[in-house]
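Summary of structural features
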Amino acid sequence: MNEIITGDCLEVYILSLGAGLNSTAMTFFILENNLPLDVAVFADTGAELPETYETVRLLSEFLRTKDIPLRIVKSKNGTLYDTCKRRRVIPSEIWRWSTRDYKLTPIHAYYRSLNAHIYEYIGIAYDEIDRMKTSREPYITKLYPLIDAKIDRVGCTEIIKRAKFPEPIKSGCFFWPFNNGERWEYIKAQHPKKYRLALELEESNKYFPKQVLR
């Protein structure tokens, strides 16, 4: 992998990779359209499903053929599951502390280490345009290439098929309490051990009564 040259580099174009459908499609779209790209970054919470880690591996191999490194950053506090278990809590959809501590904090620490202005590609499809936000950090400019090109999730699927790349599953921690019923059924069927771990975490948390996950 190439090394990012810092100090003399005033601008760095970074792909924020979640390894789900949108960001995977965005990866191929950026390269197809010769948009500037220096590095991709994936924040590893330690709590993704194996399929997502396989997507990260395959994308890393693909990007390497284009001389683009993929950096994996992590929280200094261990895995998200271990933190939740130790604190007897589950991730909150309201406070979003898990996203802050396990994704944004390590990603932004890496960005600051580059000593450059960051142009950050965000994988949000056109049909999710309401999620589009400007950066609160003065050294980051968020870019939304899928929205600019009016590419929705159907279009993302088409991009991935055209690239002959395996379609990713939804990314995100396996014990996210607000997974929909379909995802819970998938986890239960394909990863029963992780499903039981999610149940144990749900039942032992100190703020909510016991619930049966769907």
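Notes on the structure in this doc start here. Since the structure is predicted, the reported quantities are computational estimates derived from the model, not experimental observations.

Looking only at helices and strands, the chain features eight helices and five strands. Computed over C-alpha atoms, the radius of gyration of the chain comes to 18 Å, within 12% of the 17 Å expected from 2.2 N^0.38 for 214 residues, which places it in the range of a compact globule. Along the three orthogonal principal directions, the C-alpha set of the chain runs to about 50 × 35 × 30 Å. Taking all 214 residues of the chain together, the buried fraction comes to 47%.

Before going further, it helps to spend a moment on helix H1 (residues 21-32). The first and last C-alpha atoms of H1 sit 17 Å apart over twelve residues, in line with the 16 Å expected at 1.5 Å per residue. Of all twelve residues in H1, ten are buried; the element is thus mostly enclosed. Considered for burial, the residues of H1 that qualify are Leu21, Asn22, Ser23, Thr24, Ala25, Met26, Thr27, Phe28, Phe29 and Ile30. Its buried side turned inward, H1 meets strand S1 (11-17), helix H2 (50-65), strand S4 (117-121), helix H5 (145-148) and helix H6 (153-162). Following H1 by one or two positions, Asn34 has its phi on the positive side, about 55°.

Pairing between the strands of a sheet is mediated by backbone hydrogen bonds and can be parallel or antiparallel. A sheet is described by the order of its strands in space; here five strands give the open sequence S3-S2-S1-S4-S5, paired in parallel fashion. Either end of the sheet is taken by a strand with one partner, and the two such strands are strand S3 (70-73) and strand S5 (140-143). On average, each strand axis in the sheet is tilted by 30° relative to the strand beside it, whichever way the strands run. Sheet topology places S1 next to S4; five bridges connect them, and they run parallel. Paired with Val12 across the two strands is Ile118, which belongs to S4. Along the sheet, H2 contacts S1, strand S2 (39-43) and S3; its crossing angle with S3, the most-contacted strand, is approximately 145°. Of the strands in this sheet, S1, S2, S3, S4 and S5 touch helix H4 (residues 97-113), which is tilted by about 145° from S2.

Right, let's talk about the pairing of S1 for a bit. In terms of burial, S1 is a largely internal element, five of the seven residues being buried. Sheet topology places S1 next to S2; four bridges connect them, and they run parallel. Bridged to Ser16 within S2 is Val41. Regarding the hand of the β-α-β motif, the stretch spanning S1, H1 and S2 is right-handed.

Calculation criteria
- Sequence positions are assigned chain by chain, starting from 1 and proceeding in written order.
- Only residues with pLDDT of at least 70 get local features here, since the model is predicted, and only at 80 or more are side-chain atom pairs given and counted; chain-wide, interface and lining totals rely on the full set of residues.
- Calculated side-chain values reflect all of the structure's heavy atoms, with hydrogen atoms and water omitted.
- The helix count covers DSSP runs of H or I at least four residues long, the strand count covers runs of E at least two residues long, and both are numbered beginning at the N terminus.
- Restricting the calculation to C-alpha atoms gives the radius of gyration, and the globule rule supplies 2.2 Å times the number of residues raised to the power 0.38.
- Throughout, exposure labels follow a simple rule: accessible area from a 1.4 Å probe, protein chains only, divided by the maximum for the residue type, with under 20% read as buried, over 50% as exposed, and the rest as partly exposed.
- Expected helix span is computed as 1.5 Å times (number of residues minus one).
- We call two residues contacting when some pair of their heavy atoms lies within 4.5 Å.
- Strand pairing is defined by DSSP finding a minimum of two bridges between the two strands.
- Between N-to-C directions, angles span 0 to 180 degrees; the directions come from axes that are lines fitted to C-alpha atoms, helices contributing only their stretch in contact.
- Clockwise travel from the first strand over the helix to the second, with the strands pointing away from the viewer, marks a crossover as right-handed.

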